[in-house]
Amino acid sequence: AISGASYESLQPAYRYGWESRSRLDGREWRDVEGDLASGWEKARGNSRLDWEAAKPAARDAWDRLSRENERMDDDGATRDIPPIPSTKKKWDVPRR
């Protein structure tokens, strides 16, 4: 997603994007970006990234979670992915 940076350095930004998207469900990135920029100073912990460096990773996490939520139906099952068939075999065990 972000060239030249390790996941470890971007991890706080990815976490911030994911957690923010979960917390702000139903809202659009463009509507909350200013609030997220302001909140990054507190949320970043020990990260050395400023908001401009963290924003692409936070946005990537936001967008990924948004796409995943769009694929879910009301029961939390994915709409377009068929269920995985069971690999368990039913064995007839003779009774004694």
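Bear in mind that the values here come from a model prediction, so they are computed numbers and not experimental data.

Right, let's talk about the pattern of salt bridges for a bit. For side chains bearing opposite charge, pairing can occur when the charged atoms are close. Across all of its chains, the model carries six salt bridges by this definition. With a shortest N-O distance of 3.2 Å, Arg44 and Glu41 are connected by a salt bridge. Note on Arg44: relative accessible area 17%, which makes it buried. The salt bridge involving Arg64 is made with Asp60; its shortest N-O contact spans 3.0 Å. Pair noted here: Arg64 and Asp60 are both in helix 3 (residues 51-70), with a separation of four residues, about one helical turn. Each of Glu33, Glu52 and Lys55 takes part in a single network of salt bridges with overlapping partners.

This part takes up the confidence of the model for the protein chain. Interpreting fine coordinate detail is not advised for predicted regions of low pLDDT. Of all residues in the protein chain, 67% attain a pLDDT of 70 or more, and the chain-wide mean is 80. Helix 3 is the least confidently modelled element of the protein chain, averaging 90 in pLDDT, while helix 2 (residues 29-43) averages 96, the highest of any element. In the model, residues 84-91 has pLDDT below 50 throughout and makes zero contacts with residues more than four positions away in sequence or in other chains.

Conventions and cut-offs
Residues numbered from 1 in each chain as written. Predicted model: local features only at pLDDT ≥ 70, side-chain atom pairs only at ≥ 80, totals over all residues. Heavy atoms only, no water. Salt bridge = Lys/Arg side-chain N within 4 Å of Asp/Glu carboxyl O. Buried < 20%, exposed > 50% of the residue type's maximum accessible area, 1.4 Å probe, protein only. Helix = DSSP H or I, 4+ residues; strand = E, 2+ residues; numbered from the N terminus. pLDDT = per-residue confidence, 0-100. Contact = heavy atoms within 4.5 Å.

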